[in-house]
Amino acid sequence: MFTDKEEFKQTFLKRLEMMYGKRFWESTVLDQYNTLGHMIREYISKHWIQTNERYRAEHKKQVYYLSIEFLLGRLLGSNLMNLGIRDVVEQGLKELGIELAHIEEVEIDAGLGNGGLGRLAACFLDSLASLDLPGHGQGIRYKHGLFDQKIVNGYQVELPEQWLRHGNVWEVKKEDLAVEVNFWGKVECYEQDGRLTFRHYDVEKVMAVPYDMPVIGYDTTTVNTLRLWSAEPAKFPLHKHVMQYKRETEAISEFLYPDDTNDEGKILRLKQQYFLVAASIGSIVRDYRQRYGHLQHFHRHVAIHVNDTHPVLAIPELMRILLDEEGMGWDEAWHITTNTISYTNHTTLSEALEKWPIYIFQPLLPRIYMIVQEINERFCRDLWNRYPGDWKRIEEMAIIAHGLVKMAHLAIVGSYSVNGVAKIHSEILKHREMKLFYEYFPEKFNNKTNGITHRRWLLKANPELSSLITEAIGTEWIKQPEQLIQLKKYATDHAFQEQLEKVKHHHKQQLATYIYEKTGVAVDESSIFDVQVKRLHAYKRQLLNVLHIMHLYNRLKEDEHFDMYPRTFIFGAKASPGYHYAKRIIKLINSVAQKVNSDEQINGRLKVIFLENYRVSLAEKIFPAADVSEQISTASKEASGTGNMKFMMNGAITIGTLDGANIEILERVGHDNMFIFGLTAEEVLHYYANGGYHSYEYYHHDQRIHQVVNQLVNGFFPDAYDHFEPIYDSLLAHNDQYFVLRDFASYADAQQQVGATYKNRQKWLEMSIVNIACSGYFSSDRTIEEYAQDIWNIH
Ligand code: 26V
């Protein structure tokens, strides 16, 4: 139905009438979207079934990627593209008088994630399917994804997100495959046939109901599965009041990251984590038993990957099944578990490392807690044998200590592979954060530098650039992204440069239109589009960017002849709702924008834009239009970053620190094609080890810094009164933990270089081409091939 345009049109019209009981001319864009979605589902269903049958028949080892986040974004466009039917559909619809692009715009993003970690999971699914690898995702079907952000008077306001309000054409509910999950209750221990047996009773049961979504590979018949679990009340609740039980149960899959500042919130988050794990492993094991009977060779046929520590309860849960349900002994169960589970660490920030208080953990998951205790005791005993008398080391490495369960420690002890997400991050894990564990388990540690799917982030987001690339080097790069390196020979080709400039300009015009529609601000399309889009966090230093903008503004005000290439600074960022400091930074960006954009004296040479509700679909509009990519985290803090890769692939030039994957970008493009500034990770860590640095000195000795920091509190922003005092304090009273003032001068110099270089159009375009050419390495296809080979052993 998609090979022939006429046939497509006929089927589409017929299907629309059947589904909605109306004529085409009466239909809404949403009706049309859903009709297309259903047609695609039907079209791929055969391949979905065949993929599963093939995996079964060939006894293929399967990998399950467990993640609390999947930031999928929109699916219509990428599914059409991956199926290779986009053109037929687009043409057919056009003849019916409909723009496919309009239909795509009504799809609400599946925003079941926060940022890099969740988007990485989505890119990995795309690569797994596109490489014909047997890998599936398991997550939670949150009723509300990450909040919708509105900016009101410059402040962030959060609204509940409602991605399911029109239903979800991409999912299939599988009620018959529901899994029971047990919370609370008591554990009884007794002897049966000479072995200790455990019974968990008086439990509160929750039904985990799976919704399966097809994951369609590019130009292949492989269709893998993303299984998202929804919490429903069990049939016959025992004790509680029925309504209260229903509310509490449904709350489990209601929101992504419920507020966990109080105990009630903490319980809910831990419930979510166990819910995901128990449902996923329950269904994996059930499936496995049907196929193989017993679980003795489980680890040979199944790999379970835990994305950060959120799903780490997979370790004690698998142990529970092997011990209590299969009746295995501890050693056999431990052998199977530790050869099944692998773990990725995504941050070294200590405040982000998960630790659960025992008083929350034990009552909610009593049997699981007992197993964690046993794992801990055995581990501490091994440590004692290896380091007799070294109490300090054992205390530091213990899984349970000082009333807390340390999830990262459990992850390392209970898995066979621990990886960081960029070279420098993996090195910091080995030699600093997880040093003691690296000494004990050196063989477990490895690096897998992150990647992004070039299909969504280049082929789909930037079809114009994709065509240009294909005209130059052919189509091989689409299947083998490292072939992009062939573009290097066009770096100084004037004709190619000119074409690239046209493509970039086209996207800048489109983004300018979007900006005008959303904010009412007209931006100069020939100015430099300088972009920082990512979660708002102190370590990512949006503050450094905005202080520098304030400095530029001051210069322009003081000196009419100040020579500066016109710039449009564009921001997009959500701050976590309880993170008050981050929200003040958002307000600061908006206050600066207000001031700068309305100042006629500036005459449009400087504009500042904050785009609200940054999300995957907006990102797809932004990356192709960017000239400059801001990757300015305090060195050592950004584990990898993946936005940096998306910008590079779309020809933006990075201004960045030697942090995360920026270092590996530099290794490929060289200093001529990137603007590097600031302290190195080593310098930062050295400062930390010696009590920090004296930010006051930089404030006193650098006039530029003095001026902008004072402007935070001296009435320069009349609409915000004392709102920026905590920012001022963070820089001076609290000694500037993220080295914003320390790196200011170096950043300002690098920015000046950016402006000067941009004036030389040929040089800039050459740099841009080199960046695109070198971006192939950062395809998630390369990353997934490494995981498949080195960690999962799947084929
Ligand atoms: C979470 C939190 C929550 C509490 C406040 C502080 C804080 C700081 C960081 C985080 C991040 C948690 C894990 C995470 O999302 N890491 C990101 O993973 C990406 C994919 O590997 C990677 O590119 C980013 O550098 C990394 O920050």
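Residues numbered from 1 in each chain as written. Predicted model: local features only at pLDDT ≥ 70, side-chain atom pairs only at ≥ 80, totals over all residues. Heavy atoms only, no water.

This brings us to the overall build of the chain. Summing up its helical and strand segments, the chain has 33 helices and 25 strands in all. Relative to its length of 795 residues, the chain is compact, with a C-alpha radius of gyration of 27 Å against a globular reference of 28 Å. Here the C-alpha coordinates of the chain stretch approximately 90 × 75 × 55 Å along the principal axes. When the 795 residues of the chain are sorted by exposure, 59% land in the buried category. Partitioning the intrachain contacts of the chain with sequence separation of at least 6 by distance along the chain shows that 75% fall at a separation of at least 24. As displayed, the chain has an accessible area near 31400 Å², and 49% of this comes from carbon and sulfur atoms. Counting 88 positive and 104 negative side-chain charges, the chain places the centres of these two groups 2 Å from one another. (Helix = DSSP H or I, 4+ residues; strand = E, 2+ residues; numbered from the N terminus. Rg over C-alpha atoms; globule rule 2.2 N^0.38 Å. Buried < 20%, exposed > 50% of the residue type's maximum accessible area, 1.4 Å probe, protein only. Contact = heavy atoms within 4.5 Å. Areas by Shrake-Rupley, 256 points an atom, 1.4 Å probe, with all protein chains shown as cover. Lys, Arg positive; Asp, Glu negative; His and termini not counted. Charge placed at Lys NZ, Arg CZ, Asp CG, Glu CD.)

This next bit is on the UniProt feature "modified residue: N6-(pyridoxal phosphate)lysine" (unreviewed entry) in the chain. Taken from the UniProt record, the annotation "modified residue: N6-(pyridoxal phosphate)lysine" (unreviewed entry) applies to Lys646. The residue Lys646 is located in helix H25 (residues 643–649) in this model. Those residues in contact with Lys646 that sit more than four places away from it in its chain are Arg119, Ile452, Trp457 and Phe623. (UniProt positions renumbered as here; feature names shortened; annotations may be inferred.)

As a further point, take the sheet that holds strand E24 (residues 653–656). One key point about sheets: their strands pair by backbone hydrogen bonds, in either a parallel or an antiparallel sense. Strand order in this open sheet of six strands is E22-E21-E20-E23-E24-E25, and the pairing throughout is parallel. Only two strands of the sheet have a single neighbouring strand rather than two, namely strand E22 (606–610) and strand E25 (675–676). As paired elements, strand E21 (residues 567–572) and E22 share five bridges and run parallel to each other. By the bridge assignment for E22, Ile570 is matched with Ile609. The strands touched by helix H21 (residues 494–519) are strand E20 (528–533), E21 and E22; relative to E22, the strand with the most contacts, the crossing angle is about 70°. Contacts from helix H23 (residues 580–597) reach E21 and E22 within the one sheet, and its direction differs from that of E22 by about 145°. (Pairing = 2+ DSSP bridges. Axes fitted to C-alpha atoms, helices over the stretch in contact; angles between N-to-C directions.)

All right, on to the packing of helix H6 (residues 116–130) against helix H33 (residues 780–792) then. At a minimum axis separation of 9 Å, H6 and H33 run at an interaxial angle of 75°. Compared by their axis directions, H6 and H33 come out roughly perpendicular. Residues Cys123, Phe124, Ser127 and Leu128 of H6 form the contact with H33, whose own contacting residues are Ser780, Asp781, Thr783, Ile784, Tyr787 and Trp792. Of the residues contributing to the contact of H6 with H33, the split by class is six nonpolar, three polar and one charged. (Parallel < 35°, antiparallel > 145°, perpendicular 65-115°, else oblique. Nonpolar A, V, L, I, M, F, W, Y, C, P; charged D, E, K, R; others polar.)

For helix H1 (residues 5–20), spanning 16 residues, the distance from its first C-alpha to its last is 22 Å, which sits close to the expected 22 Å at 1.5 Å a residue. Of all the residues in H1, the buried ones are Phe8, Lys9, Phe12, Arg15 and Leu16. Buried positions in H1, seen along its axis, are confined to an arc of 140° and lie on one side of it. Of the residues in H1, the exposed ones pointing more than 90 degrees away from the buried face are Gln10, Lys14 and Met18. (Expected span 1.5 Å × (residues − 1). Arc of directions from axis to C-beta.)

Our focus in this paragraph is the sheet that holds strand E17 (residues 404–406). Sheet architecture is open: three strands sit in the order E15-E17-E16, paired in antiparallel fashion. A single partner strand is all that each edge strand has here, and the edge strands are strand E15 (355–357) and strand E16 (400–401). Strand direction decides the pairing type here: E16 and E17, joined by two bridges, are antiparallel. Along E17, the bridge assignment pairs Ile400 with Val405.

The residue His346 is located in the loop between strand E14 (341–344) and E15 in this model. Residue classification places His346 among the buried residues on the basis of a relative accessible area of 14%.

Time to look at the pattern of salt bridges. Pairing is possible between side chains that carry opposite charge, provided their charged atoms lie close to one another. All chains considered together, the criterion is met by 55 salt bridges. A salt bridge links Asp109 to Arg74, with the shortest nitrogen-to-oxygen separation between them at 3.7 Å. Taken together, the residues span a long stretch of sequence, with Asp109 in the loop between helix H5 (100–106) and strand E3 (110–112) and Arg74 in the loop between strand E2 (70–73) and helix H3 (76–83) at a distance of 35 residues. Across this residue pair, the class does not change: Asp109 and Arg74 are buried. Because the salt bridges share partners, they merge into one network encompassing Arg289, Glu317, Arg320, Glu325 and Glu326. (Salt bridge = Lys/Arg side-chain N within 4 Å of Asp/Glu carboxyl O.)

We now examine the site of the ligand. Taken together, 18 residues surround the ligand, and among them His346, Asn450, Glu638, Ser640 and Gly641 come closest. Within the side chain of Tyr539, a nitrogen or oxygen atom sits 3.1 Å from an oxygen atom of the ligand. Between Ser640 and the ligand, the recorded distance is 3.0 Å, taken from a backbone N or O atom to an oxygen atom. Looking at side-chain class alone, the shell around the ligand contains seven nonpolar, seven polar and four charged residues. (Near = heavy atom within 4 Å. Polar contact = N/O pair within 3.5 Å; in protein donor to acceptor, adjacent residues only side chain to side chain.)

Turning our eyes to something else, we now look at the packing of aromatic side chains. Scanning all chains against the criterion turns up 35 aromatic pairs. Here Tyr565 and Tyr758 contribute two aromatic rings whose centre-to-centre distance is 5.0 Å and whose plane-to-plane angle is 70°, an arrangement assigned as edge-to-face. Placement of the pair is Tyr565 in the loop between helix H22 (542–558) and E21 and Tyr758 in helix H31 (residues 744–759), with a sequence separation of 193 residues. The lysine or arginine in question, Lys271, covers the ring of Phe183, its NZ or CZ lying 5.7 Å from the ring centre. (Phe/Tyr/Trp six-rings, centres within 6.5 Å; stacked < 30°, edge-to-face > 60°. Lys NZ or Arg CZ within 6 Å of the ring centre and 35° of its normal.)

The next subject is the nonpolar core. Burial of nonpolar side chains together is a common tendency in soluble globular proteins. The biggest cluster of nonpolar side chains holds 136 residues, and the ones touching the most others in it are Phe275, Phe298, Phe361 and Trp792. Here the element with the most residues in this core is helix H8 (residues 263–292); it accounts for twelve residues. Residue contacts for Phe275: discarding those within four places in its chain leaves Ile140, Val181, Phe183, Val206, Met207, Ala208, Trp229, Ser230, Ala231 and Ile252. (Core = buried A, V, L, I, M, F, W, Y, C linked by side-chain atoms within 4.5 Å.)

One can describe the packing of H1 onto helix H4 (residues 86–95) by two numbers: an axis separation of 9 Å at closest approach and a directional angle of 65°. The interaxial crossing formed by H1 with H4 has right-handed handedness. Counted together, Lys5, Glu6, Phe8, Lys9 and Phe12 of H1 and Val88, Val89, Gln91, Gly92, Leu93 and Glu95 of H4 form the full contact between these two elements. (Left-handed = near helix turned anticlockwise from the far one by under 90°.)

In this section: the environment of Tyr553. For Tyr553, the location among the structural elements is in helix H22. Relative accessible area serves as the criterion here: at 6%, Tyr553 is assigned to the buried category. Along the primary structure Tyr553 and Val592 are separated by 39 residues, whereas in three dimensions their C-alpha atoms are 9.2 Å apart. Residues within four places of Tyr553 in sequence aside, it is in contact with Lys595, Val596, Asp599, Ile602, Leu606 and Phe716.

Another point: the pairing of strand E13 (residues 302–307). Of all six residues in E13, six are buried; the element is thus mostly enclosed. As paired strands, E13 and E14 are joined by four bridges and run parallel to one another. By the bridge assignment, Val306 is partnered in E14 with Tyr343.

Positive phi values are uncommon outside glycine, yet Asp202 reaches one of about 55°. With relative accessibility at 41%, the residue Asp202 sits in the partly exposed group. Its identity as a non-glycine residue notwithstanding, Asn793 has a phi of 55°, on the positive side. Assignment of secondary structure puts Asn793 in the segment after H33.

Before going further, it helps to examine the environment of Gly115. Tracing the chain through its elements places Gly115 in the loop between E3 and H6. Sequence separation of Gly115 and Glu439 is 324 residues, and the distance between their C-alpha atoms is 32 Å. Contact partners of Gly115, with chain neighbours within four places excluded, come to Glu69, Leu71 and Arg535.

Across all of its chains, the model carries zero disulfides by this definition. Looking at Cys774, it has no disulfide partner, and the nearest cysteine sulfur is the one in Cys123, 20 Å off. (Disulfide = S-S within 2.5 Å.)

Time to look at a nonpolar patch on the surface. A surface patch of nonpolar side chains, amounting to about 200 Å² of accessible area, comprises Val152, Val157 and Leu159. With respect to the helices and strands, Leu159 occurs in strand E6 (residues 155–159). (Patch = residues over 30% accessible without salt bridge, like charges linked within 9 Å, V, L, I, M, F, W, Y side chains within 5 Å.)

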